[in-house]
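Residue-level structural notes
One-letter residues, chain by chain:
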Amino acid sequence: MHHAPAKIILFGEHAVVYGQPAIAVPFTALQATADSEPTPPGTGLTIIASDLQQQLHIKDADTMLDNALLRSAQLTLNKLNVPTPDLNITVSSTIPLASGLGSGAAVSAALIRELSAAVGCPLEGDELNALVFEVEKMHHGTPSGIDNTVIVKGAPVYFIKASTRESVGAVRELYDNDPDTYQGFFEEIGAIVKEARGHIEHGNLNDIGHLMNRNHHLLNILTVSSPLLNTLVSTARETGALGAKLSGGGRGGNVIALVEPDNAHWVADAFREAGAVRTWVTTVGKS
Ligand code: PMV
């Protein structure tokens, strides 16, 4: 059985696509899991996505596949240059879909880990990361690579994308119409991330919270927040959080709030009263 965790972007989403740094951490309370069992000779590879009630079958690893699970399996078999094994792999995940928590990358990583181990060539590190990134392109077009990197590493990352300026949707439109202004916003976010790194390393909670607030303000200017996300961010601050921001792609998805442990449940309660569907409390940076 193999796993991969969810992820949270602490600082720098969107600007990371334009070459600025970003900071992300694994969120191990939520996990994708893949488990396998051998099947009789000639049955081929079946992937059972238990949460989605999907059963997928791959016999021919050469046809181009447009399903992310099948594509993960196909890339793995092609990379390892092994024939399709006779195997059932069951994939499940506690990570909510399309929530900015990296569910797609985590499911791919768990599946590739399980499949590669089952054929006797376990993939990890950069090789695994490269395959998960390939699958991520199916979901996100031109992702920065931060999701797959933090999820495969399973440790906090200070991430800088190698090539810049391949962007997503609405933010690209804004940038294309007024590159100077938006480049300025991205650089401001980049400066926040660089400052945040030092404060995270030294545990300066008030400074981290303040930078989260500033990062959220800039994401709001980039139009990737939403009325509900803004309400949740204000609610967190009013309930005593040291700072709060949206996390991930935005326009839905997640808000993260930095809280003192004693205060966590107040903020979580206030989030739900203000319209949050679910809340989690986690400690960042300690395993
Ligand atoms: O996948 P999400 O929703 O966590 O967002 C990814 C973060 C972005 O910076 C918006 C895009 C990217 O590829 O880095």
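Described in the following lines is the structure provided in the data block. Position numbers for residues count from 1 along each chain, tracking the sequence in the order it is written. The predicted origin of the model limits local features to residues at a pLDDT of at least 70 and limits the giving and counting of side-chain atom pairs to 80 or more, whereas totals for whole chains, interfaces and linings rest on all residues. To get the side-chain values, take all heavy atoms of the structure and skip hydrogens and water.

1. Structural notes on unusual backbone geometry
Quick note on the threshold: The numbering of helices and of strands both runs from the N terminus, where a helix is a DSSP run of H or I of at least 4 residues and a strand a run of E of at least 2. Each residue is assigned to one of three classes by its accessible area relative to the maximum for its type, calculated with a 1.4 Å probe on protein chains only: buried under 20%, partly exposed between the two thresholds, exposed over 50%.
Although it is not a glycine, Thr-223 adopts a positive phi angle of roughly 70°. One can find Thr-223 in the loop between helix H7 (205–221) and helix H8 (227–238). Its relative accessible area of 33% is what places Thr-223 among the partly exposed residues.

2. Points about the pairing of strand S4 (residues 54–58)
Note the threshold: By definition, two strands form a pair when at least two bridges between them are found by DSSP.
Examined bridge by bridge, strand S3 (residues 45–49) and S4 share 5 bridges and lie antiparallel to one another. Across the sheet, Thr-46 pairs through a bridge with His-57, a residue of S4. As consecutive antiparallel partners, S3 and S4 are separated by 4 residues, and within that stretch Gln-53 has a phi angle of approximately 50°, a positive value.

3. Some thoughts on the packing of helix H5 (residues 169–177) against helix H6 (residues 179–202)
Applicable threshold: Only C-alpha atoms enter the line fits that serve as axes; for helices the fit covers just the stretch in contact. Angles between N-to-C directions range over 0 to 180 degrees. Each angle receives one of four descriptions, namely roughly parallel if under 35 degrees, roughly antiparallel if over 145, roughly perpendicular if within 65 to 115, and oblique otherwise. The contact criterion used is simple: two residues touch if any of their non-hydrogen atoms lie within 4.5 Å. For this scheme, ten residues count as nonpolar: Ala, Val, Leu, Ile, Met, Phe, Trp, Tyr, Cys and Pro. Four count as charged, namely Asp, Glu, Lys and Arg, and the remainder, Gly too, count as polar.
The N-to-C vectors of H5 and H6 enclose an angle of 125°; their axes lie 5 Å apart at closest approach. It follows from the interaxial angle that H5 and H6 lie oblique. Of the residues in H6, those touching H5 at Val-171, Leu-174, Tyr-175, Asp-176 and Asn-177 are Pro-179, Tyr-182, Gln-183 and Phe-186. Class assignment for the residues of the contact of H5 with H6 results in 6 nonpolar, 2 polar and 1 charged.

4. Quick word on the pairing of strand S2 (residues 22–38)
With 9 bridges connecting them, strand S1 (residues 2–11) and S2 associate as antiparallel partners. Paired with Ala-4 across the two strands is Ala-32, which belongs to S2. As judged from the 3 bridges shared by S2 and strand S6 (residues 157–159), these two strands associate in the antiparallel manner. Bridging from a neighbouring strand, Ala-24 pairs with Val-157 of S6.

5. Some thoughts on the side chain of His-216
For His-216, the location among the structural elements is in helix H7. Leave out the neighbours within four places in its chain, and His-216 touches Ser-225, Asn-230, Val-233, Arg-237, Ala-244, Lys-245 and Leu-246.

6. What about the side chain of Gln-20?
Turning to its location among the elements, Gln-20 is positioned in the loop between S1 and S2. For Gln-20, a relative accessible area of 9% corresponds to the buried category. Dropping the residues within four chain positions of it, Gln-20 is found in contact with Ala-15, Phe-159, Gln-183, Phe-186, Glu-187, Gly-190 and Lys-194.

7. Comments concerning the site of the ligand
The test is simple: We define proximity as follows: a residue is near a molecule or strand when any one of its heavy atoms falls within 4 Å of that partner. N or O atoms within 3.5 Å of each other form a polar contact, as long as, within protein, one can give a hydrogen and the other can take it, and as long as residues adjacent in sequence are counted only when both atoms are side-chain atoms.
Among the 14 residues in the neighbourhood of the ligand, the closest are listed as Lys-7, His-14, Ser-144, Asp-147 and Gly-249. Contacts to the ligand include His-14, whose backbone N or O atom sits 2.9 Å from an oxygen atom. Between the ligand and Gly-100 there is a distance of 3.4 Å, counted from an oxygen atom to a backbone nitrogen or oxygen. Elements with a minimum of two residues in the shell around the ligand: S1 and helix H4 (146–153). Along the lines of polarity and charge, the residues of the shell around the ligand split into 5 nonpolar, 6 polar and 3 charged.

8. Concerning the pattern of salt bridges
Note the following rule: Think of a salt bridge as a Lys or Arg side-chain nitrogen and an Asp or Glu carboxyl oxygen that are within 4 Å of each other.
Scanning the model with the defined rule gives 7 salt bridges in all. With a shortest N-O distance of 2.9 Å, Lys-245 and Glu-13 are connected by a salt bridge. Placement of Lys-245 in strand S7 (residues 243–247) and of Glu-13 in the loop between S1 and S2 is noted, with a sequence separation of 232 residues between them. Take Lys-245: its relative accessible area is 0%, and that puts it in the buried class. The exposure class assigned to Glu-13 is buried, which follows from its relative accessible area of 2%. Across the salt bridge formed by Glu-201 and Arg-197, the nearest N and O atoms sit 3.3 Å from each other. One end of the pair is Glu-201 and the other is Arg-197, both in helix H6 and 4 residues apart, which spans about a single turn.

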